[in-house]
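# Topology and contacts: notes
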Amino acid sequence: MVDDDEMTPDGPDPADEPFPLLIAVTASPTERIRLAERLDGIAPLLLVADLDELRRLITAPQQVPDAPAGPATALPAASPDNTLVIDSGRSTARCGEREIELTRLEHDLLTCLTTEPVRVWSYAELHRSVWRDEGRERKADVQSLVKRLRRKLHQLGTDATIDAVRGVGLRLAAHQQPRLGRA
């Protein structure tokens, strides 16, 4: 039996339906690439280097505070006051009380990475998504943009950062800053 709030005009909400997810754990970047190529199109694929990385990715995120009205995307962080909010209408990123303006390229890269935050994006995929040109997939363009965007994310004080996955590509991640103190 399905509750009324879970119903869509055509039946149960597809978002509530289970879906297959393949998870592969291997420390070898070469093996991850090989698996991605062989399993492409079969099902969503999560590739991780070790079990610790998998545990970090699949732990339940904390509640995200309400975002302001308008088209915005939020990336949950280790603590609610470090939540990254992207306002596409104003092309800004906000964390707590701090806000920065984003260039079109920075906005498009950050938005691309937040669409599937667990996914590792190849440099070629990011280049096509951000620059929207098929012929010029220059890794240096992406690296330069990522460097500027990392600096801006750091200025915001958010836990979100862009991680390089050796031999594969980039992904957006939330890292809690270590706190020093006495036990």
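Residues numbered from 1 in each chain as written. Predicted model: local features only at pLDDT ≥ 70, side-chain atom pairs only at ≥ 80, totals over all residues. Heavy atoms only, no water.

Moving on, we come to the packing of helix α3 (residues 104-115) against helix α4 (residues 123-131). At a minimum axis distance of 9 Å, the contact between α3 and α4 shows a crossing angle of 130°. One finds that α3 runs oblique with respect to α4. α4 is crossed by α3, and the crossing has right-handed handedness. Residue-level inspection shows Arg104, Leu105, Asp108, Leu109, Cys112 and Leu113 of α3 in contact with α4, the latter providing Leu126, Ser129, Val130 and Trp131. The residue inventory of the contact of α3 with α4, partitioned by class, reads seven nonpolar, one polar and two charged. (Axes fitted to C-alpha atoms, helices over the stretch in contact; angles between N-to-C directions. Helix = DSSP H or I, 4+ residues; strand = E, 2+ residues; numbered from the N terminus. Parallel < 35°, antiparallel > 145°, perpendicular 65-115°, else oblique. Left-handed = near helix turned anticlockwise from the far one by under 90°. Contact = heavy atoms within 4.5 Å. Nonpolar A, V, L, I, M, F, W, Y, C, P; charged D, E, K, R; others polar.)

Moving on to the pairing of strand β9 (residues 160-165). In this sheet, strand β10 (residues 169-174) lies alongside β9 in antiparallel orientation, the contact comprising six bridges. For Ile162, the partnering residue across the bridge sits in β10 and is Leu172. Linking two consecutive strands that pair antiparallel, namely β9 and β10, is a turn of three residues; a positive phi of about 80° is found at Gly167 within it. (Pairing = 2+ DSSP bridges.)

On to helix α5 (residues 139-156). A rise of 1.5 Å per residue sets the reference length of α5, with its 18 residues, at 26 Å; its end C-alpha atoms lie 26 Å apart and thus fit the reference within 8%. By the burial criterion, the buried members of α5 are Asp141, Val142, Leu145, Val146, Leu149, Leu153 and Leu156. The buried residues of α5 all sit within an arc of 120° when viewed along its axis, so they share a single face. Away from the buried face of α5 by more than 90 degrees, exposed residues Lys147 and His154 are located. Of the residues trailing α5, Gly157 is marked for its positive phi of about 85°. (Expected span 1.5 Å × (residues − 1). Buried < 20%, exposed > 50% of the residue type's maximum accessible area, 1.4 Å probe, protein only. Arc of directions from axis to C-beta.)

Time to look at the pattern of salt bridges. Applying the stated criterion across every chain, the model contains seven salt bridges. Here Asp108 ties to Arg132 by a salt bridge, and the two come within 3.1 Å at their closest N and O atoms. Taken together, the positions of Asp108 in helix α3 and Arg132 in the loop between α4 and α5 put the pair 24 residues apart, joining distant regions of the chain. Salt bridges sharing common partners tie together Asp87, Arg90 and Glu99. (Salt bridge = Lys/Arg side-chain N within 4 Å of Asp/Glu carboxyl O.)

A few words on the side chain of Thr92. Structurally, the position occupied by Thr92 is in strand β7 (residues 92-95). Those residues within four positions of Thr92 in sequence are excluded, and the remaining contacts are Val85, Ile86, Asp87, Glu99, Ile100, Glu101 and Leu102.

This part covers the side chain of Asp87. For Asp87, the position within the fold is in strand β6 (residues 84-87). Accessibility expressed as a relative area gives 11% for Asp87, which makes it buried. A distance of 3.1 Å separates the side chain of Asp87 from the backbone nitrogen of Gly89, its partner in a polar contact. (Polar contact = N/O pair within 3.5 Å; in protein donor to acceptor, adjacent residues only side chain to side chain.)

The subject of this paragraph is unusual backbone geometry. Positive phi is not limited to glycine here, since Ser91 has a value of about 55°. Residue position: Ser91 is located in the loop between β6 and β7.

In contact at an axis separation of 10 Å, α3 and α5 are set at 85° when each is read in the N-to-C sense. Taken together, α3 and α5 sit at an angle that is classed as roughly perpendicular. Seen from α3, the contacting residues are Leu105, Glu106, Leu109 and Leu110; seen from α5, they are Leu145, Val146, Arg148, Leu149, Lys152 and Leu153. Considering only residue class, the contact of α3 with α5 consists of seven nonpolar, no polar and three charged.

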